[in-house]
Amino acid sequence: SVLGCNIHFLHWVKPDEPQRRASVLLVHGGGAHANWWRFIAPLLDNFDVAAIDLSGMGDSGRRNEYSASIRSEEIRSVLDNCFSEAKPRFLVGHSFGGYMSMRFAADHGEKLAGTVIVDSPIYKPDTDLAQTPRRALKIERHYPTFELALKRFKLLPSQECKNDYIVEFIARHSIKKTDRGWTWKFDVGAMGGNRWEEPFDQHLANAKSKIAFLYGSKSALVSTDTAKYMRSLMPNNSIVTEIPEAAHHIMLDQPKYFVKSLETVFNNWLEK
């Protein structure tokens, strides 16, 4: 329970063997949930791994109001619940989860050995992209059957994914039954436009941990210029890596390459 709301998480408890030198907390994107990492966590076999459901998403409880500061406390609570500070701890956030990880790195980065931001763009203030309103959801949709809801599941931003069996797996864990029919697990109130009002560029610049940024070569949100701009906001020793043949949802397109890239970043930080 964090600030009056139950927070659900998954924890892949692995034997405390010498080669397990660190732990990793995975943070999902907007409207997503911890199960987006179910096929990634076992591949990180040299690390103790957990994945959080942020409030208003997945199987966590709902709040009357949401904020990045509250989400930062949720991350801190799960991090401390799952992992001792005796070994290094890493935070990995995808998309919206990357923004929440930026906030956490600014708030509590000293608790981390490093933070990995995955395809979460910050645009130059004077560009059209920076002025374009970010997507907000306002309507809670209900479907008469589970099968129909399953068919309506789609990735946002829209993209093709050759690993369609992974998309279906995620979709099956994104739906719940209510008195009005089958609907998505996330709270529409947690998906409003106000979730983008934080100064995430400042959070990134003020991070108290090491930073790495991974982005897809085919991402609809992050261009090479955007990655360069973000690199200018990060500490000098930061790592920026482009994942080939991957769109925004990198872990779906290139799960093995994504894991390999994470391990490269983690090992780089552990060796320094």
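Before any of the text, the structure's been laid out above.
Structure report, in brief. These numbers were taken from a predicted model, which means no experiment stands behind them.

1. Details of the sheet that holds strand β7 (residues 175–178)
Consideration 1: Ordered by their spatial adjacency, three strands build an open sheet running β6-β8-β7, and the pairing between neighbours is antiparallel. One side of each edge strand has no neighbouring strand; the edge strands of this open sheet are β6 (142–143) and β7.
Consideration 2: Note: β6 against strand β8 (residues 181–184), two bridges, orientation antiparallel. Looking at the pairing, H142 lines up with T183 of β8.

2. Remarks on the side chain of H203
Consideration 1: Along the chain, H203 falls in helix α6 (residues 200–205).
Consideration 2: Discounting chain neighbours no more than four positions away, the residues touching H203 are M102, R103, A106 and E198.

3. Section: the pairing of strand β1 (residues 9–12)
Residues in a regular strand point their side chains to alternate faces of the sheet.
Consideration 1: Residues L10 and W12 line the buried face of β1, whereas the alternating positions F9 and H11 sit on a face that is not buried.
Consideration 2: Across four bridges, β1 lies against strand β3 (residues 47–52) in antiparallel orientation. For W12, the partnering residue across the bridge sits in β3 and is V49.

4. Quick notes on the sheet that holds strand β5 (residues 114–118)
Consideration 1: Ordered by their spatial adjacency, seven strands build an open sheet running β1-β3-β2-β4-β5-β9-β10, and the pairing between neighbours is mixed. Edge positions in the sheet fall to β1 and β10 (239–243), since each has one partner strand and no second. Looking at each pair of strands side by side, their axes are set apart by 15 degrees on average, direction ignored.
Consideration 2: Relative to β5, strand β4 (residues 89–94) runs parallel, the two sharing five bridges. Opposite H94, over in β5, you have V118 as the bridge partner.
Consideration 3: Helix-sheet contacts for helix α9 (residues 255–270) involve β2 (22–27), β3, β4, β5, β9 (211–216) and β10, and the interaxial angle to β5 is about 155 degrees.

5. With respect to the environment of S67
Consideration 1: By the element assignment, S67 lies in the loop between β3 and α1 (68–82).
Consideration 2: Judged by relative accessible area, which is 25%, S67 ranks as partly exposed.
Consideration 3: Expressed as a C-alpha distance, the spacing of S67 and K151, which sit 84 residues apart in the sequence, is 31 Å.
Consideration 4: Separated by 2.9 Å, the side chains of S67 and S69 make a polar contact.

6. Considerations on helix α5 (residues 164–172)
Consideration 1: Regarding α5, the residues found buried are I166, V167, I170 and A171. Each buried residue of α5 lies within a common arc of 140 degrees when the element is viewed along its axis, so the set occupies one face.

7. With respect to the environment of E245
Consideration 1: Mapped onto the elements, E245 comes out in the loop between β10 and α8 (250–253).
Consideration 2: Through-space distance from the C-alpha of E245 to that of S217 is 6.0 Å; in sequence the pair is 28 residues apart.
Consideration 3: Non-local contacts of E245, meaning those with residues more than four positions away in its chain, are made with S217, K218, D253 and Q254.
Consideration 4: Side chain to side chain, E245 and K218 meet in a polar contact 2.8 Å long.

Rules of the game
Residues numbered from 1 in each chain as written. Predicted model: local features only at pLDDT ≥ 70, side-chain atom pairs only at ≥ 80, totals over all residues. Heavy atoms only, no water. Pairing = 2+ DSSP bridges. Helix = DSSP H or I, 4+ residues; strand = E, 2+ residues; numbered from the N terminus. Contact = heavy atoms within 4.5 Å. Buried < 20%, exposed > 50% of the residue type's maximum accessible area, 1.4 Å probe, protein only. Axes fitted to C-alpha atoms, helices over the stretch in contact; angles between N-to-C directions. Polar contact = N/O pair within 3.5 Å; in protein donor to acceptor, adjacent residues only side chain to side chain. Arc of directions from axis to C-beta.

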